[in-house]
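Listed here are the chains, written in short residue letters.
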Amino acid sequence: MLTLPSRRGLLGADWTLENVTRIAEGMPALWLSPRLEGSWRDRISGTDLTTFSRANTAPTYEPDGAGGLTAFSSGQRAIGYSPETGVRGGSIFGQRTQLLANPDAPATQSVTLSAVQHQLTLFGTGSVTLSGAATGTLTGTGASNRVSLSFTPTAGSVTFTVSGSVSRFNLTAGAVVYPHLGGAITCPADVLSIDGTNFSQWYQQAGGTLLVSASRQANISSGRYATISDGTMSNRIQVGYSDEANANLAMVTASALQYDIYITGLSGIRKRSLACALKAGTNSFSVNGSTLSSGTAATMPTVNSMRIGAFPTGGDVLNGHIHDILYWPPGSPAENRLQQLSAAL
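Residues numbered from 1 in each chain as written. Predicted model: local features only at pLDDT ≥ 70, side-chain atom pairs only at ≥ 80, totals over all residues. Heavy atoms only, no water.

### Things to note about the pairing of strand β19 (residues 236-241)
Buried residues dominate β19, accounting for six of its six residues. Going residue by residue along β19, you find Arg236, Gln238 and Gly240 tucked away on one face and Ile237, Val239 and Tyr241 tucked away on the opposite face as well. In this structure, strand β18 (residues 223-229) lies alongside β19, joined through six bridges in antiparallel fashion. Within β19, the residue paired with Arg224 across the bridge is Gly240. In this structure, β19 lies alongside strand β20 (residues 247-253), joined through five bridges in antiparallel fashion. Pairing of Arg236 across the sheet is with Val252, part of β20. The hairpin turn running from β19 into β20, its antiparallel successor, is five residues long. (Buried < 20%, exposed > 50% of the residue type's maximum accessible area, 1.4 Å probe, protein only. Helix = DSSP H or I, 4+ residues; strand = E, 2+ residues; numbered from the N terminus. Pairing = 2+ DSSP bridges.)

This is the structure we're talking about:
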């Protein structure tokens, strides 16, 4: 094995990621690491290759890892610490509507709700009690701690009675516990991608080795960590999950499914690192050091972009945090070290 010199300027003190480059016997062509950088800057080119949009009219907040929250306004890429794993990453969430008035100055109020699942969250040591079309109590555990209550009301009015010290609260529909929003607004989805020459400068059409590390919530039906595509669903390579217990790698070329392979038995594992070998022929992947799952691709798709945390058309949003994305070109020893790479990150 080739011995790489220590690259302090690039790697800092992160010996886990230095180990990744040693396993692969070479530096990747792309290395996005919100976990280390606190941004989406590519650690190889030194530039931000991503394009981003989220037009929120009130701030969205992310945990700062020190007991506080950081506010992100419209168009700002949100970086924070995953409540599920405590690991820093880039926040990728779908569109959501926050239903409570004055969420940063909580007061008792009533809201008319549909008979669907909802998520109530709060920060503080006080409590919020539900009455009317739903019942229950959510009690805080600290000013810096977010707690949540999932409930499904009958259709009608629910009163949320605030008691004690509650500094913030939110209410959204669905199964996802979203980052805190500072207003009663609809916040669009995070749309993050690498396109055009920013994509072609590192990706090769023959494939390569992709390593993605992310944290996800429990009991979310499906989500993508990354999708490499031509901007449509007809030519794509997708990495993600389709239920609580699995991870998934699939390839579609000219609308023809090449393979759709899974690794199962992952229930309860919130942080997952997927290493994938992509090429015409046998494709394999490993999750957190697991045994390989393999499929065969007759033809590689022609692609020109990577959508991070979703499908190219916007579906299957991750609703979690991306920690690292690395890519090595075809022929790298990385493609034969998938178990070691997925275990190392």
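### Some points on the packing of aromatic side chains
The final tally for this structure, using the stated rule, is eight aromatic pairs. Plain terms: the ring middles of Trp202 and Tyr203 are 5.9 Å apart, the flat faces sit at 85 degrees to each other, and that makes the pair edge-to-face. Given a relative accessible area of 4%, Trp202 falls into the buried group. Assessed through its relative accessible area of 5%, Tyr203 is described here as buried. Cluster of aromatic residues (ring-pair linked, three or more members): Phe199, Trp202, Tyr203 and Tyr327. In this arrangement the basic side chain of Arg168 is found over the ring face of Tyr61, its NZ or CZ atom lying 4.6 Å from the centre. (Phe/Tyr/Trp six-rings, centres within 6.5 Å; stacked < 30°, edge-to-face > 60°. Lys NZ or Arg CZ within 6 Å of the ring centre and 35° of its normal.)

### Observations concerning the environment of Ile263
Within the element layout of this structure, Ile263 appears in strand β21 (residues 256-263). In this structure the C-alpha to C-alpha distance between Ile263 and Gly208, which are 55 residues apart in sequence, comes to 20 Å. The contact partners of Ile263, leaving out residues within four places of it in the chain, are Ala245, Asn246, Ala247, Phe285, Ser286, Val287, Ser290, Thr291 and Ser293. (Contact = heavy atoms within 4.5 Å.)

### Here's the deal with the sheet that holds β18
Spatial strand order, β2-β16-β25-β18-β19-β20-β21: seven strands in an open sheet with antiparallel pairing. On the outer flanks of this sheet lie β2 (51-53) and β21, each paired with one strand and no other. Averaged over all pairs of adjacent strands, the angle between their axes in this sheet comes to 15 degrees, without regard to strand direction. Relative to β21, β20 is paired through seven bridges, and the arrangement is antiparallel. For Asn248, the partnering residue across the bridge sits in β21 and is Tyr262. (Axes fitted to C-alpha atoms, helices over the stretch in contact; angles between N-to-C directions.)

### Some thoughts on the sheet that holds strand β11 (residues 136-139)
Reading across from one edge, β8-β13-β10-β11 is the order of the four strands in this open sheet, with antiparallel pairing throughout. Each edge of the open sheet is held by one strand with a lone partner, namely β8 (109-113) and β11. The mean angle between the axes of side-by-side strands here comes to 25 degrees, regardless of whether they run parallel or antiparallel. By the bridge criterion, four bridges tie strand β10 (residues 127-132) to β11 in an arrangement that is antiparallel. In the strand pairing of β11, Val128 is matched with Leu138.

### Here we look at the pattern of salt bridges
Side chains bearing opposite charge may pair, as long as their charged atoms lie close to each other. Inspection of the entire model under this criterion finds 11 salt bridges. Between Glu25 and Arg337 there is a salt bridge, and its shortest N-O distance comes to 2.9 Å. With Glu25 in the loop between α2 (15-24) and β1 (30-32) and Arg337 in the loop between β26 (320-328) and α5 (338-344), this pair connects stretches of sequence that are 312 residues apart. Of the residues examined, Arg337 reaches a relative accessible area of 19% and is grouped as buried. (Salt bridge = Lys/Arg side-chain N within 4 Å of Asp/Glu carboxyl O.)

### Some points on the pairing of strand β4 (residues 69-72)
Relative to β4, strand β3 (residues 60-63) runs antiparallel, the two being bridged by four bridges. Each residue of the ladder has a partner; that of Pro63, found in β4, is Leu69. Hairpin connection of β3 to β4: five residues between the antiparallel strands, including Gly65 at a positive phi of 85 degrees.

### So, unusual backbone geometry
You will see that Asn288, though not glycine, has its phi angle at about 50 degrees, which is positive. Along the chain, the position of Asn288 falls in the loop between β23 (281-287) and β24 (293-297). Note on Asn288: relative accessible area 34%, which makes it partly exposed. The backbone of Asn319 sits at a positive phi, close to 55 degrees, despite the residue not being glycine.

From the geometry alone we can't say anything about function, so treat these as descriptive.
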